Amino acid sequence: MQHEAPTTGAGEALEVWIDQDLCTGDGICAQYAPEVFELDIDGLAYVKSSDDELLQDRGATTPVPLPLLQDVVDSAKECPGDCIHVRRVSDRVEVYGPDAE
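Residues numbered from 1 in each chain as written. Predicted model: local features only at pLDDT ≥ 70, side-chain atom pairs only at ≥ 80, totals over all residues. Heavy atoms only, no water.

The protein goes by Ferredoxin in an unreviewed UniProt entry, where it is assigned to Streptomyces lavendofoliae. As recorded by UniProt, the Cofactor (unreviewed entry) comment attached to the protein reads in full: "[4Fe-4S] cluster". UniProt lists a comment for the protein under the heading Function (unreviewed entry), and it reads "Ferredoxins are iron-sulfur proteins that transfer electrons in a wide variety of metabolic reactions." (UniProt positions renumbered as here; feature names shortened; annotations may be inferred.)

Caption draft 1: Geometry of the sheet that holds strand 5 (residues 61-63). Pairing is antiparallel in the open sheet, where 4 strands are placed in the order 5-1-6-7. Either end of the sheet is taken by a strand with one partner, and the two such strands are strand 5 and strand 7 (94-96). With direction set aside, neighbouring strand axes in the sheet form an average angle of 40°. Along the sheet, helix 2 (residues 69-78) makes contact with strand 1 (14-18), strand 6 (84-88) and strand 7, crossing strand 6 at roughly 130°. (Pairing = 2+ DSSP bridges. Helix = DSSP H or I, 4+ residues; strand = E, 2+ residues; numbered from the N terminus. Axes fitted to C-alpha atoms, helices over the stretch in contact; angles between N-to-C directions. Contact = heavy atoms within 4.5 Å.)

Caption draft 2: Structural detail: the pairing of strand 3 (residues 45-48). With 3 bridges connecting them, strand 2 (residues 37-39) and strand 3 associate as antiparallel partners. Looking at strand 3, one finds that Glu38 is bridged to Tyr46. Linking strand 2 back to strand 3 in an antiparallel pair, the connection comprises 5 residues, with Gly43 at a positive phi of about 85°. One ladder, built from 2 bridges, connects strand 3 with strand 4 (residues 54-55); its direction is antiparallel.

Caption draft 3: The side chain of Glu94, seen in detail. Tracing the backbone through its elements, the reader meets Glu94 in strand 7. Here Glu94 occupies a buried position and makes no salt bridge, while the nearest side chain of opposite charge, Arg87, is found at 6.6 Å. Among the polar contacts made by the side chain of Glu94, one reaches the main-chain amide nitrogen of Asp99 at a distance of 2.8 Å. In terms of polar contacts, Glu94 uses its side chain to reach the backbone amide nitrogen of Ala100, at 3.5 Å. Once you skip the residues sitting within four places of it in the chain, Glu94 turns out to touch His85, Val86, Arg87, Asp99, Ala100 and Glu101. (Buried < 20%, exposed > 50% of the residue type's maximum accessible area, 1.4 Å probe, protein only. Lys, Arg positive; Asp, Glu negative; His and termini not counted. Salt bridge = Lys/Arg side-chain N within 4 Å of Asp/Glu carboxyl O. Polar contact = N/O pair within 3.5 Å; in protein donor to acceptor, adjacent residues only side chain to side chain.)

Caption draft 4: View of the state of the cysteines. Taken as a whole and judged by the stated rule, the model has 0 disulfides. Between Cys23, a free cysteine, and Cys83, which holds the nearest cysteine sulfur, the sulfur-to-sulfur gap is 4.5 Å. Note on Cys23: relative accessible area 14%, which makes it buried. (Disulfide = S-S within 2.5 Å.)

Following this line, the structure appears as structure tokens:
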């Protein structure tokens, strides 16, 4: 069964990804939203699938669960490496993170 991507109040589905090249391994993201982020054995943060599987491919994205949206946004804002990117699924425009418009 296909999982629908959660939406924001504006009805937009969002996804998040981490740029491991910029990740400092502080783990702030995993503290804010452990359901979405996890530090791997290499000391870098990765996103997790809705099945709690670590997604280690570069640029891997995962849907942002609506109840965790604020935690994910806070992770992006507080990340010392500025490596967390939250974007709309529909047009891939970044709405939170270092490249947000």
